[in-house]
Amino acid sequence: NAFTPNGDGVNDDFKPGGNNIVKYKLQIYNRWGALIFETENFKTGWDGTYKGGRASPDTYSYDVVYESTKFPGVVHHEKGTLTLLE
């Protein structure tokens, strides 16, 4: 749950993993609770930017809501923290 968006091709974005996802929403919040990133595209992760610039190295929280073909109709909701490193 730590990543370094430095362009080296290793851990350059934060993207939860999974298989057979049919519905998905990822939201990233800063320490003050402001929404700084949101996507409904499972293949798109947060690249550590905010308002066109690099976000500060810090701890952020995430919220993921998804549904998979393995359990149709069951909505999963997970929350956690991640660390953005330089």
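Now for a quick tour of the structure.

Calculation notes
Residues numbered from 1 in each chain as written. Predicted model: local features only at pLDDT ≥ 70, side-chain atom pairs only at ≥ 80, totals over all residues. Heavy atoms only, no water. Pairing = 2+ DSSP bridges. Helix = DSSP H or I, 4+ residues; strand = E, 2+ residues; numbered from the N terminus. Core = buried A, V, L, I, M, F, W, Y, C linked by side-chain atoms within 4.5 Å. Buried < 20%, exposed > 50% of the residue type's maximum accessible area, 1.4 Å probe, protein only. Contact = heavy atoms within 4.5 Å. 1 Å grid on protein atoms, 1.4 Å probe; cavity = no way out; pocket = protein on both sides within 12 Å on 5 of 7 lines; lining within 4 Å. Points joined across faces, edges and corners; volume = space filled by probe spheres on them. Nonpolar A, V, L, I, M, F, W, Y, C, P; charged D, E, K, R; others polar.

Strand order in the open sheet formed by 5 strands is S1-S7-S6-S2-S3, with mixed pairing between adjacent strands. Strands at the two margins of the open sheet, each flanked by one partner only, are strand S1 (2-3) and strand S3 (35-39). Pairing between strand S2 (residues 21-29) and strand S6 (residues 58-68): 8 bridges, direction antiparallel. Each residue of the ladder has a partner; that of Tyr-24, found in S6, is Tyr-66.

Turning our eyes to something else, we now look at the nonpolar core. Counting residues in each nonpolar core, the largest one holds 14 residues, and the members touching the most others are Phe-14, Leu-26, Ile-28, Trp-46, Tyr-60, Tyr-62 and Leu-82. Those elements that provide at least two residues to this core are S2, S3, S6 and strand S7 (76-84). Residues contacting Leu-26, with those up to four places away along its chain left out, are Phe-14, Pro-16, Phe-37, Glu-38, Thr-39, Tyr-62, Asp-63 and Val-64.

The next subject is the layout of surface pockets. Its boundaries defined by the atoms lining it, the largest pocket holds a volume of some 190 Å³. In this structure, the largest pocket is lined by 13 residues; those nearest its centre are Gly-17, Gly-18, Ile-21, Tyr-66 and Glu-78. Listed by contribution, the elements that provide at least two residues to the lining of the largest pocket are S2, S6 and S7. The dominant element in the lining of the largest pocket, judged by the number of residues it contributes, is S6, at 4 residues. Residue composition of the lining of the largest pocket, grouped by class: 7 nonpolar, 5 polar and 1 charged.

Let us now look at the side chain of Thr-4. Looking at the element boundaries, Thr-4 is found in the loop between S1 and S2. A relative accessible area of 19% means that Thr-4 is categorised as buried.

Attention now moves to the environment of Pro-5. Of note, Pro-5 is situated in the loop between S1 and S2. Distance in space between the C-alpha atoms of Pro-5 and Trp-46 is 9.2 Å, their sequence separation being 41 residues. Other than its neighbours up to four places away in sequence, Pro-5 contacts Asn-11, Asp-12, Asp-47, Gly-48, Arg-54, Leu-84 and Leu-85.

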